[in-house]
Every structure is written in C-alpha cells, then in structure tokens.
Amino acid sequence: SDSGSDSEDSSLSDSELQEAFARGALKPGLNVVLEERPKRRNDADGLKQCLAEFRQQLAWVERLDVTLGPVADPVSQSASTSDAVDPENDFQREMSFYRQAQAAVLEALPRLRKLQVPTRRPDDYFAEMAKSDQQMQKIRQKLKSKQEAMERSEKAKQLRAMRKYGKKVQVEILQRRQKEKKNMLNAVKKYQKGLSDKLDFLDEDQTSSQGNKKGNASQRTKKGPNAKRRYKNQKFGFGGKKKGSKWNTKESFNDVSSFQSKVAHNKGPGKGGRGGKGGKKALNKRPGKRARQKMKNRAR
C-alpha cells in the first residue's frame, strides 16, 4: 500500500509539473537536466597519430630545441636532480633554472659553431629602438625641464642665503655705528663738563670709521698721494707759487715792446670804430625805436 501511494504521489507531481509547464508557469533554470558524464579513456594510439600528423621534420638549426638536465653543481661536482630541489626554496629553484639554461648553452654553442652560425653581434650592428624618436624627445624635454627646475630652486636658495647674510652684515654695521656714536657723544659730554681735557675721541672717530677697511693688508691705503694725484703731478709738475703770479713787476711795467696801439684802441682790421664791432655785424644792427615807429607810419 505504501509503494502504491508513493507511485501515485510521483505521478501526480509529474502531471502537475506538466500542467504548469503547459501554462508557462515554469521558468528556465528551475529544472536541471542531468546528463551522464562521458567516460574517460586514454587513447595513446590516437595521440601518437595526431603527433605524427603535425610534426615537421626540420633541421635542428631551424628548431634550436635543446632538452637537457641541469649542469653539474661546482660545489658538489654532481648534477642535482629535480627531487633534490625544494620547490618552496626560491634560491634553489632559481639556481636549478640557471644551471639548466647553462647546460643548454654549453650544448648549443658548439653545434652552432659547427654549422657556422654567428652567435655574437657585430660591432656595427644597428638595432632600432623600441620607442620612437618623438617619445624620446618628450622624455628628453621632461628631464631637461626637471633639471632646470632644480637649478632654479638651487639658485633661489642661494639668493635667499645671500640676502640673509647681507642683512646680517648690514645689522652688524648699523649696531657698530650706533655704538661708536654713543661713545663719541659720551666723550663730548665729558669734555663739556670738564671731566676730560683730551680731544682724542675726534681722531678715534676718524680711525674707527676706517678700521674695517684697514683690516686686511690688501685693503690698507698707503701714505701719500693716490695714483690719480701722482699721475697729475708727473704730467703737469708739482706747481709753484700761485698767489700774485700775474702781478706786474718793475721790469714788466717798463717793458713796452709788446704794446700795439691798433689792438689797444680797437683799430685793427675788421674793427668798426667806436663801438668796437664792425664789418657785417654793424650792417645788421637793429634800428632804434623811433626809427622803427617812423617806418611803421610810412607803411600806413
């Protein structure tokens, strides 16, 4: 009875599903149809046949395939096997790859030399760059702009340091001048009050103003005239008596050999008589006011 009830329930459920599918109430994806998994099989003969079909019988120089184990370890003098390499150890794994590549090189190079295949790049070999000239030009300009920016920054830093140092020197000079002025005023007050009868502070003031200039031997001024004065003395002489040099003496007063009456009385050539001006200038003399008034009346 139990088996009969189960079959009825299953038949009812199947009929209900069929009715729901007919109405369109069932949506795709709710029911999954399980297919039988294909059986796995190892067709070695078929694989070999496929390999023979696409294998190309080419010379080794066209294939350049080398299959070798790693080269012998120079420490242990024995070739390390794959079992001896710990895959979790990065150093051992990389060294095994390196020795295997080394063994392939040692095997392939002699064979290439036998086949007279060059393995070294010639000195005049030209290889085109991976990047274009435009890209390299952009990179060059960017590097140049960075370098110029660094130079400007360094220059600005130096200018700031120089300004700071100049300001410091200026402050020190002002402080020293104020101190010298204060000392001089104190010395003047002492002299006015009669506490001191010395006037050495005047000389000290003059020497103190030039004290910094005389600090170094190269800046010390020599005693005597400067270079400009020495040059003028050499060119024009050292001069002589200036005061009264143009005064008449008894001999110059009595000497009348250079006297010229025509020149003295303005009667020389080109002289115009009384006014002392003659020639063309006398002709261009402007008429007087009364003469100009008469000429004006005549014109009317």
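Residues numbered from 1 in each chain as written. Predicted model: local features only at pLDDT ≥ 70, side-chain atom pairs only at ≥ 80, totals over all residues. Heavy atoms only, no water.

### What about the packing of aromatic side chains?
- Scanning all chains against the criterion turns up 0 aromatic pairs.
- Against the face of Trp60 rests Arg111, its NZ or CZ located 4.0 Å from the ring centre. (Phe/Tyr/Trp six-rings, centres within 6.5 Å; stacked < 30°, edge-to-face > 60°. Lys NZ or Arg CZ within 6 Å of the ring centre and 35° of its normal.)

### Structural notes on a nonpolar patch on the surface
- A contiguous nonpolar patch, built from Val61, Leu64 and Leu115 and spanning about 250 Å² of accessible area, is present on the exposed surface.
- Locating Val61 in the fold gives a position in helix α3 (residues 60–63).
- Residue Val61 is classed as partly exposed on the basis of its relative accessible area of 34%. (Patch = residues over 30% accessible without salt bridge, like charges linked within 9 Å, V, L, I, M, F, W, Y side chains within 5 Å. Areas by Shrake-Rupley, 256 points an atom, 1.4 Å probe, with all protein chains shown as cover. Salt bridge = Lys/Arg side-chain N within 4 Å of Asp/Glu carboxyl O. Helix = DSSP H or I, 4+ residues; strand = E, 2+ residues; numbered from the N terminus. Buried < 20%, exposed > 50% of the residue type's maximum accessible area, 1.4 Å probe, protein only.)

### A word on the UniProt feature "coiled-coil region" (unreviewed entry) in the protein chain
- With numbering matched to this structure, UniProt assigns "coiled-coil region" (unreviewed entry) to residues 129–156.
- Between the end C-alpha atoms of residues 129–156 there is a gap of 39 Å, over a span that is 86% helix and 0% strand. (UniProt positions renumbered as here; feature names shortened; annotations may be inferred.)

### Points about the pattern of salt bridges
- Enumeration over the complete set of coordinates arrives at 2 salt bridges.
- In this structure, the salt-bridge partner of Asp90 is Arg93, at a minimum N-O distance of 2.8 Å. Placement of both Asp90 and Arg93 in helix α4 (residues 90–114) is noted, with a separation of 3 residues, approximately one turn of the helix.
- On the basis of relative accessibility, which here comes to 47%, the residue Asp90 falls in the partly exposed class.
- On the basis of relative accessibility, which here comes to 25%, the residue Arg93 falls in the partly exposed class.

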